[in-house]
Amino acid sequence: MYGRQLERFVAFWTLVFIRVVTGLAGEGRSVWKKDPHFSPVSETQMFLYDTFPKEFRWGVGTGAFQVEGSWKKDGKGSSVWDQFVHSEFKDAGSTDASSDSYTLMDKDLSALDFLGVTFYQFSIAWSRIFPTGETFGDRVKYWITIHNPYLVAWHGYGTGIHAPGERGKLTTVYSVGHNLIKAHAQVWHNYKTHFQPYQKGMMSIVLGSHWIEPNKSEDALDISKCQQSMEKVLGWFAKPIHGDGDYPKELKNEFAFLPRFTEDEKSYIKGTADFFAFSFGPDNFKPPSTLQKMGQNLSLNLREVLNWIKLEYNSPRILIAENGWFTDSHVKTDDTTAIYMMKNFINKALQAIKYDNIDVFGYTAWSLLDGFEWQHAYNIRRGLFYVDFKSRSKERIPKSSALYYKQIIQENGFFPKESTPSLQAQFSCDFSWGITESVLKAESVASSPQFCDSSLYLWNVTGDGLLHKVKGVKLKTRPAQCTDFVSIKKQLDLLEKMKVTHYRFALDWSLILPNGDLSAVNRQVLRYYRCVISEALKLNVQSMVTLYHPTHAYLGLPGPLLQTGGWLNPSTAYAFQDYAALCFQELGDLVKLWITINEPNRLTDVYNGSSNDTYQAAHNLLIAHGMAWKIYNEQYRSFQHGKVSLSLHSDWAEPANPYFESHSEAASRFLQFEIGWFADPIFKTGDYPATMREYIDIKNRKGLSNSLLPSFTSEEKQLVKGAADFYALNHFTTRFVVHEPQNGSQYGYDRDIQFLQDITCLNSPSRLAVVPWGLRKVLKWIKETYGDIDIYITANGIDDQSLENDELRSYYLGKYIQEVLKAYYIDKVKIKGYYAFKMTEEKSKPRFGFFTSDLKGKPSIKFYNNLISNNGFPADYSVCHPSNQEKQCSFCLFISQKKPLIFFACCLFSTLILLLTITVFHKRKRRKHFRAKSTQRICVAF
């Protein structure tokens, strides 16, 4: 029975041929030598959307003992693992059946057919078919002698976690390894002599390894330690077989007891592989304490270890004979983590082929089925197909990783699903290009005493070098001017370098109204903000002013309001109304774009005592915004002609696993809880999203939460509904969302979601994933959800730790603005402006700034300048030809900005005209007088 089924299996094997030559020992260390000027956004390092060579082979593998079961059927003998399991494992009986592939072979064949693989790598149970085991050679074209001898020697005879479970000395470990190498060589020579001439097959040995990174890539000692680590694990077996027939020098120098090969044995072992079969998976990383790490860091970078193999062993053809990851035993078909690991591993292999010219000719996903996972028994699962070991039928149910692998095989690689080709186009001619700053700090309002101090000072040059006030002497002073504020000139210099049309910054509520009400108004601070705005206008830069800008660390409320409960106290909304009205009154003639509150949907991190605190604070924030918008609409809009909104944190959410509806529902739920929470009441219904209320109610009924969303009164609904003139969003990244049921009365728990990091994405130092198409998606979603409204992107940026060459920021800006352009042109989203985040950075914060904390500009400024001057990504011509009206408006703007100079010029011109008139008048008067006198003196006789 077993033989007939095995015959059906061999139909999946494919013929491939390679000849291995001697490698170059030690060359692999160059893999770790990083170029210090290497670009962090090099296309060769990022996820590659491309296909594998047409002849590339896709496969899947299993191990006989792991999946066959039936350990006593049909005369099978007892293997070393049978004995080890029954003596060392408490639940030994459960291993007898496993996935039961021995009797359910048809189901395995159906699983193989489902995936569409071109080969199947499986092991033959030696104890089952001996002594007639070399029987299937005429149909098998691809042979592996031993799978991962490192695990056999090290864990079988060193740590004892593998069969036969011996915990011996290092001498035993290396003696076993020595014998495994010689056994492999004998089998290879036997095949080459007696079978290969007419069977035309190939043979190799699967060698497994970890990969390791130095603590410091520029440290030669660290690199040497990494090289030693690789030689002690992979080189232990690879150098004798794929190299010169002998062990690495590191092993021979360190272990005097290491068995020695004779010269004849070296020649016999050398080259005994027709290709390099490589295993890279969790067995090579777990448990990490047993690896020769040399104090360095484990890494999952398959591409780099393939490069190491290429350099060490003279570019062999490589079959990735085992690769994959694992999930916990309770995971059934939703193995999302395995998808991302597979995506990463396979793409690294593709990069190695395309960029590094490495001859990888096949990939084996491990494994086909859930089974017995050696020392982990059934505590982890590695199959693409889920098997319920306790069921009678043991159906093979495809996991999401099986669906994903099937897709990769069908496409023979990776095709971009979310992006479209770049556009060569421009935004509208009135598009706003801005830069965002946070709160202008209190220390920025100190003014220069140079022109307002009436005292006389003497400089003690030869003494203490200080200025000393002269008592009793007073000088005349001039009226205060905006240039008295020492910080404004610095800000104007930065704005001028940015070449933006708009400047978004936030006022300091606690500085303007220190008591929280109108009983004490800091007029000097208001004058300072007015000066910032007016001086910026002289540079043709308009301001978008944010009234309230809280952060995770600084709530930004006046002290008295904070002491009385902050946003948990409804009276804070009325205090905010008064504060907003004061700002509209004092600054509104100069400001056309207002933001009441920045990211109120992110105050959850502050009011997180309970979900009800979070929801109540959010409720009061919405009321406060509505009151501020109403007072502007009723009292100031008619003559100030400005627009008011609030800015919402609006990251996009994607289902982490596209094959599970629960993940798609979780992504939609995230958007409702994160954005709809504030946007629905304002832009849609006047109330919170119905789905949000319903989901919380369901959790309450199940006893999983005590959360309660506040209710709007009819007056409050009328107040907040429509209380925005545009949609303002801050967007930084895309979140990959997993459905994760949670129990507890916290805002985060109410959503039942967790986030997953896509390791294949380009990420910033603070782990922000660079996913440009996510911005386009959220813009489309806003239009579809809230209608065809004006949209301002009020903050978009990334942290870049480089002070000298912030290439990551430039790359981010270019890619994200390109997606904004697609949303504008293709999706017809009414985007009115884009504001890059942010102008200057703080020393203690991730480096988001275009300027350092000491105001040193970065190269990304020039990149952003070019985007602004081109108004996007133009073709060879510009569509922005100013009309007569625009020219007239520009002239009017020039007139309004140069009023003092024009007034002075007019006065000077009038004075000159007056002087000229007086001069001409007096000259004429003198001439008349002279003529009159001359006439009187002439005597005429008649």
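Procedures and definitions
- Positions within a chain are numbered from 1, following the residues in the order the chain's sequence is written.
- Thresholds applied to this predicted model are a pLDDT of at least 70 for local features of residues and 80 or more for the giving and counting of side-chain atom pairs; totals over whole chains, interfaces and linings are not thresholded and use all residues.
- Side-chain calculation: all heavy atoms of the structure are included, whereas hydrogens and water are not.
- Under the scheme used here, helices are H or I runs from DSSP no shorter than 4 residues and strands are E runs no shorter than 2 residues, and both carry numbers assigned from the N terminus.
- Pairing between two strands is assigned when DSSP locates at least 2 bridges connecting them.
- Every angle, taken between N-to-C directions, lies between 0 and 180 degrees, and every axis is a line fitted to C-alpha atoms, over only the stretch in contact when it is a helix.
- Only heavy atoms enter the contact rule, under which two residues are in contact if any of them lie within 4.5 Å.
- Working definition: with a 1.4 Å probe on protein chains only, accessible area under 20% of the residue-type maximum means buried, over 50% means exposed, and in between means partly exposed.
- Along the chain, pLDDT gives the predictor's confidence residue by residue, from 0 to 100.
- By definition, a salt bridge exists where a carboxyl oxygen of Asp or Glu is found within 4 Å of a side-chain nitrogen of Lys or Arg.
- Here a patch means residues that are over 30% exposed by relative accessible area and free of salt bridges, tied together within 9 Å if like-charged and within 5 Å if nonpolar (Val, Leu, Ile, Met, Phe, Trp, Tyr).
- Using a 1.4 Å probe, the Shrake-Rupley method yields the accessible areas, and only the shown protein chains count as cover for residues.

Geometrically, the link from Trp366 to Ser367 is a cis peptide bond, its omega value of 0° lying close to zero. Relative to the assigned elements, Ser367 resides in the loop between β10 (360–366) and β11 (380–381). Here Phe837 and Lys838 are connected by a cis peptide whose omega angle stands at -5°. Structurally, Lys838 can be placed in the loop between β27 (831–837) and α29 (860–870). For Asn314, which is not glycine, the phi torsion reads 60° and is therefore positive. Residues other than glycine seldom take positive phi values, yet Asn871 does so here, at roughly 55°.

Hydrogen bonds between backbone atoms are what pair the strands of a sheet, whose relative direction is either parallel or antiparallel. Here eight strands make up a closed barrel; going around it, the order is β15-β18-β19-β20-β21-β23-β26-β27 and the pairing parallel. Between one strand and the next, the sheet's axes are offset by a mean angle of 25°, whatever the strand orientation. Pairing between strand β15 (residues 432–439) and β27: five bridges, direction parallel. Bridging from a neighbouring strand, Thr436 pairs with Phe837 of β27. The strands touched by helix α18 (residues 523–538) are β18 (502–506) and β19 (542–548); relative to β18, the strand with the most contacts, the crossing angle is about 170°.

Strand order in the open sheet made by the seven strands is β2-β1-β10-β8-β6-β4-β3, with parallel pairing throughout. Edge positions in the sheet fall to β2 (119–121) and β3 (142–147), since each of these pairs with one other strand and no more. Each strand of the sheet is rotated relative to its neighbour by a mean of 25°, with strand direction disregarded. Packing against the sheet, helix α7 (residues 170–194) makes contact with β3 and β4 (202–208), and its axis sits at approximately 160° to β4.

This part covers the pairing of strand β6 (residues 276–280). Extensive coverage of β6 is indicated by the burial of five of its five residues. Neither face of β6 is left uncovered, since the one carrying Phe276, Phe278 and Phe280 and the one carrying Ala277 and Ser279 both have all their residues buried. By the bridge criterion, five bridges tie β6 to strand β8 (residues 318–323) in an arrangement that is parallel. Paired with Ala277 across the strands is Leu319, a residue of β8.

Bringing the environment of Glu819 into the picture now. You can see Glu819 is positioned in helix α28 (residues 807–825). Relative accessible area serves as the criterion here: at 5%, Glu819 is assigned to the buried category. On a C-alpha basis, the gap between Glu819 and Pro772 in space is 6.4 Å, while along the polypeptide they are 47 residues apart. Those residues within four positions of Glu819 in sequence are excluded, and the remaining contacts are Pro772, Trp773 and Arg776.

Do not read the predicted coordinates in detail wherever pLDDT is low. This prediction gives the chain a mean pLDDT of 87; 85% of its residues lie at or above 70. Low pLDDT, under 50, characterises residues 934–942; the stretch is placed with zero contacts to residues that sit more than four places away or in other chains.

This part is about the pattern of salt bridges. The full count for this structure, using the stated rule, is 38 salt bridges. For the salt bridge of Glu254 with Lys232, the shortest nitrogen-to-oxygen distance reads 2.2 Å. Here Glu254 is found in helix α11 (residues 249–254), whereas its partner Lys232 is found in helix α9 (residues 220–233), with 22 residues between them in sequence. A salt bridge links Asp244 to Lys239; the nearest nitrogen and oxygen atoms lie 2.9 Å apart. In this structure Asp244 comes out as partly exposed when scored by relative accessible area, which is 36%. Using a relative accessible area of 12% as the deciding quantity, one classes Lys239 as buried. The network of salt bridges with common partners includes Asp246, Lys252, Glu263 and Lys266.

A few words on the side chain of Arg751. You can see Arg751 is positioned in the loop between α26 (747–750) and β25 (753–756). The buried category is assigned to Arg751, whose relative accessible area is 10%. Not counting the four nearest positions on each side in its chain, Arg751 is found in contact with Arg669, Phe670, Phe673, Glu674 and Tyr695.

Once that is clear, we can look at a nonpolar patch on the surface. Taken together, the side chains of Tyr457, Trp459, Val461 and Leu467 make up a nonpolar region of the molecular surface, amounting to roughly 480 Å² of accessible area. Looking at the element boundaries, Trp459 is found in strand β16 (residues 455–459).

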